[in-house]
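A closer look at the structure
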Amino acid sequence: MPKYECPKCSNGKGIINAFSHVLGGVCFKCKGTGFIEQKNKPTISKQYSFSFLWTDPNHCNYQNGDFCKCFIKKARSESAAIKIAEKAMKANGSVDFKVSEVVE
Ligand SMILES: [Zn+2]
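Residues numbered from 1 in each chain as written. Predicted model: local features only at pLDDT ≥ 70, side-chain atom pairs only at ≥ 80, totals over all residues. Heavy atoms only, no water.

What follows is about the environment of Tyr-4. Within the secondary structure, Tyr-4 is located in strand β1 (residues 3-5). When the C-alpha atoms of Tyr-4 and Ser-51 are compared, they prove to be 33 Å apart, with 47 residues separating the residues in sequence. Excluding residues that lie within four positions of it along the chain, Tyr-4 makes contacts with Gly-34, Phe-35, Ile-36, Gln-38, Lys-39, Asn-40, Lys-41 and Pro-42. (Helix = DSSP H or I, 4+ residues; strand = E, 2+ residues; numbered from the N terminus. Contact = heavy atoms within 4.5 Å.)

So this is what it looks like as C-alpha cells:
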C-alpha cells in the first residue's frame, strides 16, 4: 500500500497543534506517524471564506461598498475556491469577490 503524507495534520509530524491539549496533539488519523497508507492519494481540503461585493444599495447584501462575508466552504486549493466564487458571483449578482483561506 502506498504511503502518503497525512492530510489531517499535513505537516509530516503527526501532531495537530490545535489539539495539543488532547493527548499531546497526536493526530488520530495517522496515529502520530505523519503518514497514512491507502490506495489513493488523499485530497487535502482547506476552508475558505468567501466574500462578495455588491454595488447596488438596494441589494440585501449591500454593505456600503464593502465586501460582505457570505460563507465558508471547503475547497481542495485556492484555484478551486476561486472557481466556486466565480460561479457564485454569477448566481448572486455581485460584482467582485474575495477568497481567503481560513486558518484554524
Ligand atoms: Zn496525521
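Okay, the packing of aromatic side chains next. With the rule as written, the count across this model stands at three aromatic pairs. Ring centres 4.8 Å apart and planes at 25° place the aromatic pair Phe-50 and Phe-71 in the stacked group. With Phe-50 in strand β3 (residues 46-53) and Phe-71 in strand β4 (residues 67-75), this pair connects stretches of sequence that are 21 residues apart. We classify Phe-50 as buried; its relative accessible area is 0%. Seen in terms of ring centroids, Phe-52 and Trp-54 are 6.2 Å apart; in terms of plane orientation they differ by 55°. Their pairing is tilted. Here the two residues Phe-52 and Trp-54 agree in accessibility, since each one is buried. An aromatic cluster of at least three residues, connected via ring pairs, comprises Phe-50, Phe-52, Trp-54 and Phe-71. (Phe/Tyr/Trp six-rings, centres within 6.5 Å; stacked < 30°, edge-to-face > 60°. Buried < 20%, exposed > 50% of the residue type's maximum accessible area, 1.4 Å probe, protein only.)

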